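As a plain string of letters, each chain reads:
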Amino acid sequence: MMRTRPLKVALLGCGVVGSEVARIMTTHADDLTARIGAPVELAGVAVRRPSKVREGIDPALITTDATALLKRGDIDVAIEVIGGIEPARTLITTAFEHGISVVSANKALLAQDGAALHAAAEQYGLDLYYEAAVAGAIPLVRPMRESLAGDKINRVMGIVNGTTNFILDKMDSTGAGYQEALDEATALGYAEADPTADVEGYDAAAKAAILAGIAFHTRVRLDDVYREGMTEVSAADFASAKRMGCTIKLLAILERAADGESVTARVHPAMIPLSHPLASVREAYNAVFVEAEAAGRLMFYGPGAGGSPTASAVLGDLVAVCRNKLAEATGPGESAYTQLPVSPMGDVVTRYHISLDVADKPGVLAQVATTFAEHGVSIDTVRQQGRPDGVGNEASLVVVTHRAPDASLSGTVEALRKLDTVRGVASIMRVEGE
Ligand code: NDP
Ligand code: HSE
């Protein structure tokens, strides 16, 4: 039975994502009505700058008072695409207090306050959906929350930030400079309002926290995620990666410990072999591997940023939430029953690529090798070459290790820095995906 009374939607934010949500809601209105079983009506659009021209949006819908829009009494669903912590957090809470279910794309807020927001949704018997918060258009949150709810996820590894993948891809494939590539990503609408969130890894860390919580049925906050950005990745790192048959990607890696008693969550640049599927993820695309006990390895791939792809995920949530409203039901809430602790980065075991500037004289290699051995880090390969900048009496030493705990590697690097013969540690990068 088709309901004729429309479900009313408040759109909070009408920027890169919000404007595409509004456009698709208008152009696909008939299909959305048929799929939901009732018409959906854009009942109000809250923005910061009311005088800005917004193509396709009735100016009468525009308001700067988002709170009043939520409190007016006829809104069924709010779509929060403002971003950041405040006023988004207060607006979502206000929505719940007024019987309004919420769809959000706000990973920063969900990673920081997801537990409280889920609790509020549950308290009021409402939905909180956020497919768009992780990996743009890629269906990932719902498959992990629902399709894999009967399985046990042990590992998640992926590229979850489009901006940094775009920059790294441009640096690698065209030799573009960092700033030039970032400017292009910003112009294309991929970057956050403050792109520091992208390039310093905060955005990927927020997504990692959300995914880890879902994957391991535990609570993981942004602060629990080890984070390194990609601003230090240099052309020399790419050249070194190429010599090893690798490229460099900013990865999010979430793992359940072998004993099942803890988890780790980290975001950092890493070298991966060119033969690895993640190596061929170009531009602002994202890709995520999920390893589950029964299902095996699953790969999710698609556009990870941008207005239209992200709006696709928002609208999928809108349809789901509207269907739930009509059925007088709610979708799954937070599942955090395992309460697994998050172990520190020092416990993570992986491989490393370390580039050292050393004195070019007898005995240096032995000294360096001894330092690794003293810290229990086993060397896989060593390559020595004259410094590319032609600095006399100095050589560049590239060491690739076998798997070792991160704490042992940190100890090794600290000791290497103290050696007279080591002039500097040019770069340290983890090697993944082998
Ligand atoms: P934009 O900066 O393009 O848009 C933000 C919107 O929020 C603007 O319309 C702005 O108004 C409005 N706004 C800001 N402050 C207020 C306020 N106090 N009250 C009401 N409205 C306000 O951001 P995006 O569209 O890029 O991102 C939105 C969300 O989606 C963020 O959480 C982001 O992380 C997430 N996201 C973004 C993706 C992307 O590719 N861009 C992909 C996946 C998720 P005005 O227009 O007047 O300035
Ligand atoms: N700034 C984010 C990115 C948007 O580049 O991935 C998508 O979440």
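Everything numeric here is computed off the predicted structure, so don't read it as measured data.

About the thresholds
- Residues numbered from 1 in each chain as written.
- Chains lettered and ligands numbered in written order.
- Predicted model: local features only at pLDDT ≥ 70, side-chain atom pairs only at ≥ 80, totals over all residues.
- Heavy atoms only, no water.
- Near = heavy atom within 4 Å.
- Polar contact = N/O pair within 3.5 Å; in protein donor to acceptor, adjacent residues only side chain to side chain.
- Areas by Shrake-Rupley, 256 points an atom, 1.4 Å probe, with all protein chains shown as cover.
- Helix = DSSP H or I, 4+ residues; strand = E, 2+ residues; numbered from the N terminus.
- Nonpolar A, V, L, I, M, F, W, Y, C, P; charged D, E, K, R; others polar.
- Contact = heavy atoms within 4.5 Å.
- Pairing = 2+ DSSP bridges.
- Domains from an automatic or database assignment.
- Buried area = accessible area lost by both parts, 1.4 Å probe.
- Salt bridge = Lys/Arg side-chain N within 4 Å of Asp/Glu carboxyl O.
- pLDDT = per-residue confidence, 0-100.
- Phe/Tyr/Trp six-rings, centres within 6.5 Å; stacked < 30°, edge-to-face > 60°.
- Lys NZ or Arg CZ within 6 Å of the ring centre and 35° of its normal.
- Expected span 1.5 Å × (residues − 1).
- Buried < 20%, exposed > 50% of the residue type's maximum accessible area, 1.4 Å probe, protein only.

A. Quick look at the site of ligand 2. The full set of residues close to ligand 2 is Lys-107, Asn-161, Gly-162, Thr-163, Tyr-190, Ala-191, Glu-192, Asp-198, Asp-203, Lys-207, Gly-304 and Ala-305. The contact in question runs from an oxygen atom of ligand 2 to an N or O atom on the side chain of Thr-163, over 2.6 Å. Between ligand 2 and the protein, one listed contact pairs a nitrogen atom with a side-chain N or O atom of Asp-198 at 2.8 Å. When ligand 2 is considered free in solution it has 250 Å² of accessible area, and contact with the protein chains removes 94% of it. Breaking the shell around ligand 2 down by element, the ones donating at least two residues are helix 7 (162-173) and helix 10 (202-216). Residues that form the shell around ligand 2 fall into these classes: three nonpolar, four polar and five charged.

B. Looking closely at the site of ligand 1. Close to ligand 1 lie 23 residues; Cys-14, Arg-49, Lys-107, Glu-192 and Gly-306 are nearest. Between ligand 1 and Cys-14 there is a distance of 2.8 Å, counted from an oxygen atom to a backbone nitrogen or oxygen. In the environment of ligand 1, an oxygen atom lies 2.6 Å from a nitrogen or oxygen atom belonging to the backbone of Arg-49. Relative to its unbound accessible area of 910 Å², ligand 1 is 87% covered by the protein chains. Per-class residue counts for the shell around ligand 1 are eleven nonpolar, seven polar and five charged.

C. Just the side chain of Thr-264, in detail. Of note, Thr-264 is situated in strand 10 (residues 263-273). The contact partners of Thr-264, leaving out residues within four places of it in the chain, are Ile-253, Leu-254, Glu-255, Val-342, Ser-343, Pro-344 and Val-348.

D. Inspection of the sheet that holds strand 2 (residues 40-46) at higher detail. Overall, parallel pairing links the six strands, which are arranged 3-2-1-4-5-6 in an open sheet. Each of the sheet's edge strands pairs with one partner strand only, and the pair in question is strand 3 (62-63) and strand 6 (128-129). Sheet topology note: the strand 1 (residues 7-12)/strand 4 (residues 77-80) ladder contains four bridges and is parallel. What sits directly across from Ala-10, in strand 4, is Ala-78.

E. How the structure looks around the domain arrangement of the chain. Domain annotation for the chain reports domain 1 (7-136 + 308-327), domain 2 (145-302) and domain 3 (345-431). The distance between the C-alpha centroids of domain 2 and domain 3 comes to 25 Å. Contact residues are listed per partner, giving 14 residues for domain 2 and twelve residues for domain 3. At the boundary of domain 2 with domain 3, total buried surface from both sides reaches about 1200 Å², with 63% on carbon and sulfur atoms. Across the contact surface, domain 2 and domain 3 share one salt bridge. Between Glu-228 and Arg-430 there is a salt bridge, with the nearest N and O atoms lying 3.0 Å from each other. Our count for the contact surface shared by domain 2 and domain 3 stands at four residue pairs in polar contact (both at pLDDT 80 or more). Within the residue set of the side of domain 2 that touches domain 3, elements represented by two or more residues are helix 11 (235-243) and strand 10. Broken down by element, the side of domain 2 that touches domain 3 gets its largest block of residues, six residues, from strand 10.

F. Looking closely at the confidence of the model for the chain. Averaged over all residues, the pLDDT of the chain is 96; the fraction at 70 or higher stands at 98%. Averaged over each element, pLDDT in the chain is lowest for strand 14 (residues 379-386) (88) and highest for strand 4 (99).

G. Main features of the packing of aromatic side chains. This structure, assessed with the given rule, holds two aromatic pairs. Geometrically, the ring pair formed by Tyr-285 and Tyr-301 is stacked, given 5.3 Å between the ring centres and 15° between the ring planes. Within this pair, whereas Tyr-285 is found in strand 11 (residues 285-292), its partner Tyr-301 is found in strand 12 (residues 296-303), the two being separated by 16 residues in sequence. In this arrangement the basic side chain of Arg-227 is found over the ring face of Tyr-202, its NZ or CZ atom lying 3.9 Å from the centre. Cation over ring: Arg-297 sits above Phe-289, and NZ or CZ is 4.7 Å from the ring centre.

H. Structural context of helix 7. Compared with the 16 Å implied by 1.5 Å per residue over twelve residues, the 16 Å span of helix 7 between its first and last C-alpha is a close match. Of all twelve residues that make up helix 7, ten are buried, and the element is covered over most of its length. Taken together, the buried positions of helix 7 are occupied by Gly-162, Thr-163, Thr-164, Asn-165, Phe-166, Ile-167, Leu-168, Asp-169, Lys-170 and Met-171. Each element contacted by the buried residues of helix 7 is listed here: strand 7 (153-159), helix 8 (178-187), helix 9 (196-199), helix 11, strand 9 (246-256) and strand 11. Sitting at the amino-terminal end of helix 7 is Asn-161, which places a side-chain oxygen 3.2 Å from the backbone nitrogen of Thr-163.

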